[in-house]
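Commentary on secondary and tertiary structure
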Amino acid sequence: MESDIEKHVEDMYGVLGGKIEKNVLRSDLELYVNQYRVSIPSAKRSIVKRYGGDPDALSVGVEKSIAEIAAGENGIDTTGRVVYAEKREIEIDGKKRVLLSGMLEDATGGIPFTIWDFAGPDIARGDLISVRNAYATVYRERPQLNISSRSRVWVRERIEQWTKEPKKISEVSGNEMDAAFVGKIVSWNQKRIVSKGKEIEIGYGLVGDETKTVRFTAWKDFGLAKGDVISVSGAYTREREGEVQINLSERTEVRKMEGHAIPSVARFGEPRKCTISELRDGMGNVTVSGRVVRVEKKEIMHNGQSVTMFSGLLADGTGKIAFTGWREFAFIGGQDVRISGAYVRAWKGIPQLKFDEKSEVTAAGEEIKLQEDGSAAQEIGALAERGGAMEVNVRSTVIEVRQGTGLVFRCPQCGRTLRSGECRTHGAVQGIPDFRIRLIVDDGTGSMTVNMPREISEKITGLTLEEVRKRAEATLNQDAVVADVSSKLLFSRLKLSGNVFADDFGLSMSCKSAEMDSGEINEEAAALYQGVIQSLGM
């Protein structure tokens, strides 16, 4: 500290031309700093001005790390690595001025700098420079270091072909001017925009590594594509709504790393908390709490290796969903669990929750309230929006008995329905007779196909397979019982339960139970009537 004081005393002594004794200047400086709590640069300027000197002639400041530099400060000394530098000529008030601007970094952070009326030795990217007596202003809501003609700057170290050590993407902060990282392009899109009055094409998407995935924009054509692993240097970043966004500009160097793989990329953004009924195919990074209905551990071969997976069923108060876990899963049926960082993919037409090592699986921390058995029938329109669902209840009206209802023959190996005595997979086989009903039902919000197996078909019609078979043989028509089924079911209301699948042809239910639903029609009609009356203000 004493040596620091002495260099400032020497600085003031030189500016004042030696007309004030050093011990006087030292005493004044200690008084300002220790008793008046004035910063050293401000104290020096006041002292020099009081004794008739020029405060702007001071050349020794206070050594600071870049993170310590604040806007409005004077007399700043610092040392850092130039990670970006650009020399320009501008005109101010009709006078041309040469300036060198760029980005200075040390271990604590980075700060943009400008050297006004630059005429010194070249300063290039990679140079380690020291700055004396600079001042800081505000530019784009952050400190900027200004190096004037009264400042001193010199190169302490020069490294030819200097390259910046890449960071992990999670370490890249907003407002960097020279970000360097290695990442994998997770998504990639292009569009045309108007920028500065000129129409240009830009690319945008997500880029990530194992630590984080962020949005990025490419302001020139780097020939990028989804799946590319790229090494980037010289990117600049911005922070918007707490989210870091990376920009690849004209001065950014982008190199594709052929043969370099990033096997695991972190999911984008903060996990979104959802109920099971809110889950949709394609969603990523979701958090779901539910009760494990059942779970099974399996050993399977994946990419030539034996891996362990867990599959099962999860339920909450809004529905059920099948899950697949590609990571250790210590929970059993009946336990409440919270899965964060999961994603949703449709499998066989039904959304399924998937999670892996990047997901977090913990106890729910609160009791999960489930639907009571037989409660809360779901609307077909909502099921269509979800893209299918597991083990749902539906109340609807039969509006059509579909072709294919009646006697069918199934492949003894795969169970598929035969056509002209042939299975599409196993060819000509001796079929097994079966009684099947296919219906179209509608609940006012949407419609779907319902496929009823033999047990349910027999129960709801009173017909047996043997009767159906005899009718078909007698009439040489496998659909001989369609008229009977229609007279029994057409325009009837049914309570149905089962798994609902979605494909290009719409929804279809694999029915697990069905029964007539006539007991509440009067109540529903009364409720509808009351609703109409109220809406009319009567």
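Residues numbered from 1 in each chain as written. Predicted model: local features only at pLDDT ≥ 70, side-chain atom pairs only at ≥ 80, totals over all residues. Heavy atoms only, no water.

Some remarks on the overall build of the protein chain
Convention followed: The helix count covers DSSP runs of H or I at least four residues long, the strand count covers runs of E at least two residues long, and both are numbered beginning at the N terminus. Note on method: radius of gyration uses C-alpha positions; expected globular size equals 2.2 Å times residues raised to 0.38. Summary of the burial criterion: residues with accessible area below 20% of their type's maximum are buried, those above 50% are exposed, and those between are partly exposed, where the area comes from a 1.4 Å probe applied to protein chains only. Only heavy atoms enter the contact rule, under which two residues are in contact if any of them lie within 4.5 Å. The accessible surface values rely on the Shrake-Rupley method and a 1.4 Å probe; as for residues, cover is taken only from the protein chains in view.
What the protein chain contains, in helices and strands, is eight helices and 28 strands. Taken over the C-alpha trace, the protein chain has a radius of gyration of 37 Å; the compact-globule value for 538 residues is 24 Å, which it surpasses by more than 25%. In terms of its C-alpha atoms, the protein chain occupies a principal-axis envelope of roughly 130 × 60 × 50 Å. Out of the 538 residues in the protein chain, the part that is buried amounts to 41%. Restricting to contacts in the protein chain with at least 6 residues of sequence separation, those with at least 24 account for 59%. With an accessible surface of roughly 29500 Å², the protein chain has 47% of that area assigned to carbon and sulfur atoms.

Some points on the environment of T308
Keep this limit in mind: Polar contacts, as used here, are pairs of N or O atoms within 3.5 Å; protein pairs need one atom able to donate a hydrogen and one able to accept it. Residues neighboring in sequence count only if both atoms are side-chain atoms.
Turning to its location among the elements, T308 is positioned in strand β16 (residues 305-316). Measuring from C-alpha to C-alpha, the distance between T308 and V254 comes to 38 Å, with 54 residues separating the pair along the chain. The residues contacting T308, other than those within four sequence positions of it, are K297, K298, E299 and G325. At 2.7 Å, the side chain of T308 forms a polar contact with the side chain of E299.

Overview of the side chain of S396
You can see S396 is positioned in strand β21 (residues 389-401). If near-sequence neighbours (up to four positions away) are discounted, S396 is found in contact with I380, V441, D442, D443, S492, R493, L494 and L496.

Quick look at the nonpolar core
Nonpolar side chains in soluble globular proteins tend to end up buried together. We apply this condition: Side-chain atoms within 4.5 Å link the members of a nonpolar core, which is a set of buried Ala, Val, Leu, Ile, Met, Phe, Trp, Tyr and Cys residues.
If you look at the biggest cluster of nonpolar residues, it comprises 31 residues, and the most contacted ones within it are L439, M448, V450, M452, L496 and M509. Among the elements that line this core, the one with the most residues is β21, at five residues. Those residues in contact with L439 that sit more than four places away from it in its chain are V398, E400, V401, R402, M448, T449, V450, M452, L489 and L494. Within the second largest apolar cluster, 20 residues are counted, among which are V288, F310, I339 and L353.

A short note on the pairing of β21
Regular strands show a simple pattern: their side chains alternate between the two faces of the sheet. Filter applied, for reference: Only strands joined by at least two bridges in the DSSP assignment are considered to pair.
Pairing of β21 with strand β27 (residues 493-503) involves seven bridges; the strand directions are antiparallel. Paired with T397 across the bridge in β27 is R493. Sheet topology places β21 next to strand β25 (residues 432-442); four bridges connect them, and they run antiparallel. Considered in β25, the bridge of E400 is made with I440.

What about helix α5 (residues 454-461)?
This is how it is decided: In this description, one arc is meant: the one made by directions from the helix axis to the C-beta atoms.
If you check which residues of α5 are buried, you get I456, S457, I460 and T461. Considered in projection along α5, the buried side chains sweep an arc of 110° and stay on one side of the axis. The exposed set on the far side of α5, more than 90 degrees from its buried face, consists of E455 and K459. G462, located one to two residues past α5, shows a positive phi value of around 80°.

Thoughts on helix α7 (residues 482-489)
Among all positions in α7, only V485, S486 and L489 are buried. Projected onto a plane normal to the axis of α7, the buried residues spread over an arc of 100° and lie on a single side. Residues of α7 that are exposed and angled more than 90 degrees away from the buried face: A483 and S487. Along its buried surface, α7 packs onto β21, β25, α5 and β28 (506-516).

Remarks on the pattern of salt bridges
So the rule is basically this: A pairing counts as a salt bridge when a side-chain nitrogen of Lys or Arg comes within 4 Å of a carboxyl oxygen of Asp or Glu.
One pass over the structure, following the stated rule, counts 32 salt bridges. A salt bridge links D127 to R158, with the nearest nitrogen and oxygen atoms 2.6 Å apart. With D127 in the loop between β4 (109-116) and β5 (128-139) and R158 in the loop between β7 (152-157) and β8 (179-195), the pair connects residues that are 31 residues apart, well separated along the chain. Take R158: its relative accessible area is 42%, and that puts it in the partly exposed class. Among the salt bridges present, the one from E243 reaches R215, with a minimum N-O distance of 2.8 Å. Placement of the pair is E243 in strand β12 (residues 243-248) and R215 in strand β10 (residues 213-218), with a sequence separation of 28 residues. Assessed through its relative accessible area of 22%, E243 is described here as partly exposed. Residue R215 is classed as partly exposed on the basis of its relative accessible area of 39%. Each member of the salt-bridge network shares a partner with another, and the members are E105, R125, K164 and D178.

Let's talk about the confidence of the model for the protein chain
This is how it is decided: Confidence scores labelled pLDDT are given residue by residue by the predictor and lie between 0 and 100.
Looking at the protein chain as a whole, its pLDDT mean stands at 88, while 96% of the residues score no less than 70. Element-level pLDDT for the protein chain is lowest in helix α8 (residues 521-535), with a mean of 69, against a maximum mean of 95 in strand β26 (residues 447-452).

Notes on the side chain of E105
Its place among the elements puts E105 in strand β3 (residues 95-106). Its relative accessible area of 15% is what places E105 among the buried residues. In terms of polar contacts, E105 uses its side chain to reach the side chain of K164, at 2.9 Å. Ignoring sequence-local partners within four residues, the contact set of E105 consists of I66, G80, R81, V83, G110 and K164.

Comments concerning the packing of helix α2 (residues 22-35) against helix α3 (residues 40-50)
As a reminder, the rule being used: The angle between two axes is taken between their N-to-C directions and runs from 0 to 180 degrees, where each axis is a line fitted to C-alpha atoms and a helix contributes only its stretch in contact. Working rule for angles: under 35 degrees goes down as roughly parallel, over 145 as roughly antiparallel, 65 to 115 as roughly perpendicular, anything else as oblique. For any pair of crossing helices, the crossing counts as left-handed if the nearer helix is rotated counterclockwise from the farther one by less than a right angle, and right-handed if it is rotated clockwise. Classification convention: Asp, Glu, Lys, Arg as charged; Ala, Val, Leu, Ile, Met, Phe, Trp, Tyr, Cys, Pro as nonpolar; all other residues, Gly among them, as polar.
Taken N-terminus to C-terminus, the directions of α2 and α3 make an angle of 135°; their axes are 9 Å apart at the nearest point. One way to sum up the angle between α2 and α3 is to call them oblique. Our pair here, α2 against α3, has a crossing hand that is right-handed. Residues L25, D28, L29, Y32 and V33 of α2 lie in contact with α3, whose contacting residues are I40, A43, K44, S46, I47 and R50. Class assignment of the residues belonging to the contact of α2 with α3 gives a composition of seven nonpolar, one polar and three charged.

Overview of the environment of P351
As for its placement among the helices and strands, P351 is situated in strand β19 (residues 350-355). Taking the C-alpha atoms as reference points, P351 and A502, separated by 151 residues in sequence, lie 9.2 Å from one another. Contact partners of P351, with chain neighbours within four places excluded, come to D281, I321, V344, R345, A346, R386, G387, G388 and A389.

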